[in-house]
Every structure is written in C-alpha cells, then in structure tokens.
Amino acid sequence: MTTHRWTAILLLGAALPLSAQLTVTSGGGAGHLDHLTPSSLTTITGTFDGQAGPSLLSLSGNSEQHFGLGTTGLASASWHYVADHGGWHAELGPDGEWARDIGAPTVGYAAAHLLLARAVGAFSLQAEWESGRAWIATGARAWYRPTLTARWTAGPIALDASWQSTSNASDSTGGSQIIGDDTIPERSNGEHQVHDVSAGLRWQMARFAFDGRVGQRFGVSLAPEMWWQGEASFRVTPIMSLVARSGRLASSALLGLRGGASTTFGVRLDLVPPRAVRPVALRATEVERETSTTIHVWFALPANAHHVAFRGDLTDWKSVTLDRSGDGRWETLLRAAPGVYRVDIQVDGDAWSPPPGLAVADDGFGSRVGLLVVTP
Amino acid sequence: MRALPLVMALVTGSALTLGAQDARLGQRFSPAEASRLQLLVDSAGNEHLPTDPLVLRALEGQAKGASVVEIVNALERLRSALRSARGVLGATASTDDVTTAGAALEVGMPVTELQELRRLRGKDAITPPLNAWLDLVARGASPGRTWSRISDLARQRAPDADFSRLTPADIGHDPPPSRPPGDHP
C-alpha cells in the first residue's frame, strides 16, 4: 500500500442535509518508496463523509509529489446503506478505488461491501466482506477480502485487533499474477492470498490525538513483513491541526501499489467540523421524564457511531456507556431533578465534546461543555 | 471517668470534621488537593451559596485532566457567578434558583435581565423561566427574542407550564404582542 496519493474532493456537503465532515491535509517531508531512490515529497490529502438518512457517502484521496521521481495518486469512493437495530449495525453498498503508482498505469477496483458490527459495552466486534473485480496490469480479475476487527474503548483510548485476507477468486482465468502485488507467490491451487494481522491504538486527550497501527503481512511462500504507521495531531484552532505522520507500509495487495517509508509534517483543516449534525425534525438531544426521579435521554448521532459514552454532572463525571435505541439513537436512563447540568459525550473514542443540539459553554478548562436542561 | 465525655466529644468532633469533606473529592483527588478544594467549597457554603455545583465542577476538571490550579480558578469563577446570582436573587432564594441563575449567567444572560426576571416573578421561583430560556437558547433561538418572550410571560404571571411549553418556533415567528414591531433585539 502506498502512502502517496492524490485527492479530488467533491463538495457535496450542501446536498447532504444531516451531517458531513470535510478535511484537507497538506504537508511535506521525506519518503523512500520500495525499489526507488529516497526523495523529498509534498502531500495533499482530503476526506469527505456525508450522511443523509440511511445513506453514507465517503470520498477520499491523496496525492504525493516525489521530487525527481513523479506523482502518485489514489482516490476512493463508497456509498453505503446504513441500518441500526437492537445494538446491531450494518452497512451494505458499493465501493471502489483508483490509483496510479509512479511509472505504472492507472489501476482500480469496484466491489460490493457488507459490514456487520455489534457493540456490547466497551467491546465491539465487526465483520466485513468485500468482493469485486480489479483492473490491474495483467487484466481484470475477481477477488474477495474478509476482515474481522475486535475493538475495545475505554475513555480516551481505543484499542483494536484486526485480521484481513485478500485473495483472488479460485476460478482464476490464468496468468502469473492475479492480485496486484507481483511479489505475492501463487499457491498450488492457483490462488493468491495474503493475510494482514494488525493492532491499532487511538488516543485522544483534549487537543492532542494519536492514531497508530502496526501489522504483519504473511502468506504461503511469503516472507513475513512488518508494517506500521503513526499519526499525531495537535488541534491549534477548532478547524486547524498540526499533523505529523510517519510509517513503513507494505505494498497494496490488491492493486499492487508499492510500499515504502515516509515521514511528513503538515496542516489539517477541518473545513466542516466532524459530526456537525445539522438541524433536523428530530431534536439532536431529547430529554423525557421517566419518573419523578429519573429521566430518559436520547442523542441522535451519525449512524456510523459504534460506541458512545456519556459523562457529566448527572454521573459525577464518571463515564457511562450509552445503548443504541430501536430508532438508531443512543439512550440512557439517569437520575435527575429539574435543573441545568453540564454534560459531554464521546463517540468512538474521539475527544469528549458537547452533545449535539445543546447550549454550549466554555468549560473553564480550555474546552467546551454542553448544558442539559431538565424540566419537571 | 470524668475524662470520658471529653474524649468522646473529641472523637465525635474529629469524625464530624472528617465527614464534612465531600466523599467525591476524597475519592478523586489526593488528600492535600481534596482539602484545598474543600476549603473553597466550605467558604462558598459559608456565604450560603450552593456547594454541590462547586464539587461537580471540581470533578469535571479532574475528569478533563485539568491541574488543581486550573480547577481552583474554575471554582472561583463559578463561586463568583453564584455570588452574583445570590446578590440579585437575595438571601432567601432557593438553592435551585441560585444554581440555575448561576448557569444562566455563565452562559451569557445579562445580570440586568436576571434582575428584571426576579422583579417580575415576585416570590415565585425563577428556575422555570430560566430553564426555558436556557433550553430555547440551546435550541438555537435568539437570546434577545427569547428574553422578550420569557419576560412577557413573567409579566403576565403565566403559570410555570407555559414556560416549558415554549418552542423555538414560538420565539422566531411569534414576537411578543406587547411590544411594537422593531423593538426586539
């Protein structure tokens, strides 16, 4: 998998009425792509995620200019139908990726993607299946890729372990190279298969965030290869962050993009703040009195949220995990008398932030806090 | 035997002193930090200010990784807001009223509006209209228009339920009839 990509962002935010996230990152550094000489590089990356009802659209891409060598680029798109029911989360839809390595023709794939996830407390288990057709140097080939991920979230820390296997379909049409990386040997039955096992850590505390992953690639007749990537960011303003990224990645098993090492420093702009839920008919935060001493609280959040925690005056600022309600919102029961309470939520291990739809106040500790009003 | 009552009194007194520290502070902070914060809480209590909001603010700071200095500063700012609220509402105001008024002041309600609301509500609690103001502003209503609507209801001696029934649509599209057009902020 290459780290050198190009981005084309389609500004479709206005067409998506519920939530959207748009980021652009630009930076520079040094890289050493496999089989090429080291070089300095500049990079630009962009991502867009928009959700309207059950439709989730994701676009991303990046480009890197390696001085003296050339430009690499990668663009990806997916459009998933999202459903949540009784603690289960499912996504189904098409996705695709197009890429161009230095000195190579444009390659790509189109696939159908099925994702099924289940969260229980701080743990979640996610299974994915992708299957499609790839257009690579040796022609069009069928392939499939199952992925299993187990995740554990505790406050600002999220840990996960993942296994992914990429294979050509067993009825290959021949040729010495089925999936893109020609360094992956053919098995005796004509299949090509490569496995990646990896562990990831995400840590987010106030303005600082770290995202790291280390993995091992292996397969039949394939020398094990370790790969890793880490990204640290510091939010300077609500929309601007300083980002440092470094890694040594393996090649892209499916498209054959070369691997390599690189280190870059840059600036990320959150042009549309993450998870900015726009006003909709359903209030983003809903409170209903259950009994004289308890209230029922619902939070409407993007459907791709997997784990949501709540803390505030009502919990003595101890974190409690929210449950997924039947209508896709996140809910909990709390003891509360009428009054105004300061509260925060945390989605998928991201930074704690005010729940959508609440008044927001300076918390006096360098961040913001939501104000939950409980009426009699 | 004569010393027994004295010993008992000392033991009981010590226990009462120890018990006076909020257990939540003792659980989340070191003994020295908890004592320092408890002093602030106690001083607020001596001013007849609600102390639970101060304890909760300290817990919030601890949960957010703030230093004790930052927490002390935050507690002093909150104590100041509560003191302002108490000053406006008077010594007989309920804990709920003072706490809610402190929250409104922290969010940006002008002291003059709080004074006006106190005057309009007479001896009635001001928590219901303040809660409505906070809720409506939270839902995107203009603070100025919201204040106009709330103050008009208070002026009409409307029941508490009328405040909680207000929606942002009422604020945005139904300006108070008692004021001429253009008089709204």
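Keep in mind that what you see is a predicted model, and the values were worked out from it rather than measured.

Quick look at the overall build of chain B
Item 1. Of the regular secondary structure elements, chain B holds eleven helices and zero strands.
Item 2. The linear arrangement of helices and strands in chain B, starting from the amino end, is α-α-α-α-α-α-α-α-α-α-α.
Item 3. Counting every position in chain B, which comprises 185 residues, the buried fraction comes to 44%.
Item 4. Put simply, of all contacts in chain B between residues at least 6 apart along the chain, 61% involve residues at least 24 apart.

Comments concerning unusual backbone geometry
Item 1. With phi around 50 degrees, A:Asp316 is a residue other than glycine that occupies positive phi space.
Item 2. Locating A:Asp316 in the fold gives a position in the loop between strand E17 (308-312) and strand E18 (320-321).
Item 3. By relative accessible area, A:Asp316 is classed as partly exposed at 23%.
Item 4. Phi is positive for B:Arg157, which is not a glycine, with a value near 60 degrees.

Some remarks on the pairing of strand E22 (residues 359-362) of chain A
Residue and element names in this part refer to chain A.
Item 1. Burial along E22 is one-sided: Ala-359 and Ala-361 are buried, while Val-360 and Asp-362, pointing the other way, are not.
Item 2. Two strands pair when backbone bridges link them, and E22 and strand E23 (residues 368-374) are joined in this way by four bridges, in the antiparallel orientation. Residue pairing for E23: Val-360 is matched across the bridge by Gly-370.
Item 3. Here E22 folds back onto E23, and the loop between the two strands holds five residues, one of which, Gly-364, carries a positive phi near 80 degrees.

Structural notes on the interface of chain B and chain A
Item 1. Counting residues at the interface gives 23 residues for chain B, matched by 21 residues for chain A.
Item 2. Carbon and sulfur atoms supply 59% of the area that chain B and chain A bury against each other, a total of about 2000 Å² over both sides.
Item 3. For chain B, the biggest contributors to the area lost against chain A are B:Glu60, B:Lys64 and B:Asn131; these three give 26% of the whole.
Item 4. The tally of links from chain B across to chain A stands at five salt bridges.
Item 5. The partner of B:Arg24 in a salt bridge is A:Asp316, and the shortest N-O contact between them spans 3.1 Å.
Item 6. Summed over the shared surface of chain B and chain A, the number is seven residue pairs in polar contact (both at pLDDT 80 or more).
Item 7. Elements with a minimum of two residues in the side of chain B that touches chain A: helix H2 (23-28), helix H4 (52-63), helix H5 (68-89), helix H6 (95-107) and helix H8 (127-138) of chain B.
Item 8. Examining the composition of the side of chain B that touches chain A, we find that six residues originate from one element, H4(B), more than from any other.

A short note on the sheet that holds strand E20 (residues 330-335) of chain A
Residue and element names in this part refer to chain A.
Item 1. Strand order in this open sheet of four strands is E15-E16-E20-E19, and the pairing throughout is antiparallel. Of all the strands in the sheet, the pair left with one neighbour each is strand E15 (285-289) and strand E19 (323-324).
Item 2. Relative to strand E16 (residues 294-299), E15 runs antiparallel, the two being bridged by five bridges. Paired with Arg-289 across the two strands is Ile-295, which belongs to E16.

A short note on the packing of aromatic side chains
Residue and element names in this part refer to chain A.
Item 1. Counted by the stated rule, this structure contains four aromatic pairs over all chains.
Item 2. Their ring planes at 75 degrees and their centres at 5.1 Å tell us that Tyr-109 and Trp-143 sit as a pair that is edge-to-face. Note that Tyr-109 is positioned in strand E6 (residues 107-120) and Trp-143 in strand E8 (residues 139-154), a separation of 34 residues in sequence.
Item 3. A residue is classified by how much of its surface remains accessible, and Trp-143, at 1% relative accessible area, is buried.
Item 4. Lying across the ring of Trp-352, Arg-311 places its NZ or CZ 4.2 Å from the centre.

Section: the environment of A:Ser60
Residues and elements named next belong to chain A.
Item 1. With respect to the helices and strands, Ser-60 occurs in strand E3 (residues 55-66).
Item 2. Taking the C-alpha atoms as reference, Ser-60 lies 4.2 Å from Thr-47; in sequence the two are 13 residues apart.
Item 3. In this structure, Ser-60 is in contact with Gly-46, Thr-47, Leu-74, Ala-75 and Ser-76, ignoring residues within four places of it in sequence.
Item 4. Only 2.7 Å separates the side chain of Ser-60 from the side chain of Ser-76, close enough to count as a polar contact.

Observations regarding the confidence of the model for chain B
Residue and element names in this part refer to chain B.
Item 1. Summary statistics for chain B give a mean pLDDT of 81 and a share of 82% for residues scoring 70 or more.
Item 2. Here helix H1 (residues 3-19) stands out as the least confident element of chain B, with mean pLDDT 43; H4 is the most confident, with 94.
Item 3. When the criterion is pLDDT under 50, residues 4-19 qualifies, and its contacts beyond four places in sequence or with other chains add up to zero contacts.
Item 4. In the model, residues 173-185 has pLDDT below 50 throughout and makes 17 contacts with residues more than four positions away in sequence or in other chains.
Item 5. For this predicted complex, the interface confidence score (ipTM) comes to 0.76, while the overall pTM stands at 0.51.

Some words on the pattern of salt bridges
Item 1. Summed over the entire model, instances satisfying the criterion amount to 27 salt bridges over all chains.
Item 2. Measuring nitrogen to oxygen at the nearest pair gives 3.1 Å for the salt bridge that ties A:Arg217 to A:Asp196. Separated by 21 residues along the polypeptide, A:Arg217 in strand E11 (residues 208-219) and A:Asp196 in strand E10 (residues 193-205) bring together distant segments of the chain.
Item 3. Among the residues examined, A:Arg217 registers a relative accessible area of 6% and is labelled buried.
Item 4. Given a relative accessible area of 8%, A:Asp196 falls into the buried group.
Item 5. When the shortest N-O distance is used, the salt bridge between B:Arg57 and B:Glu106 registers 3.0 Å. Here B:Arg57 is found in helix H4, whereas its partner B:Glu106 is found in helix H6, with 49 residues between them in sequence.
Item 6. One salt-bridge network, held together by shared partners, links A:Arg311, A:Arg342, A:Asp344, A:Asp363, B:Arg57, B:Glu60, B:Lys64 and B:Glu106.

Conventions and cut-offs
- Residues numbered from 1 in each chain as written.
- Chains lettered and ligands numbered in written order.
- Predicted model: local features only at pLDDT ≥ 70, side-chain atom pairs only at ≥ 80, totals over all residues.
- Heavy atoms only, no water.
- Helix = DSSP H or I, 4+ residues; strand = E, 2+ residues; numbered from the N terminus.
- Buried < 20%, exposed > 50% of the residue type's maximum accessible area, 1.4 Å probe, protein only.
- Contact = heavy atoms within 4.5 Å.
- Pairing = 2+ DSSP bridges.
- Buried area = accessible area lost by both parts, 1.4 Å probe.
- Salt bridge = Lys/Arg side-chain N within 4 Å of Asp/Glu carboxyl O.
- Polar contact = N/O pair within 3.5 Å; in protein donor to acceptor, adjacent residues only side chain to side chain.
- Phe/Tyr/Trp six-rings, centres within 6.5 Å; stacked < 30°, edge-to-face > 60°.
- Lys NZ or Arg CZ within 6 Å of the ring centre and 35° of its normal.
- pLDDT = per-residue confidence, 0-100.

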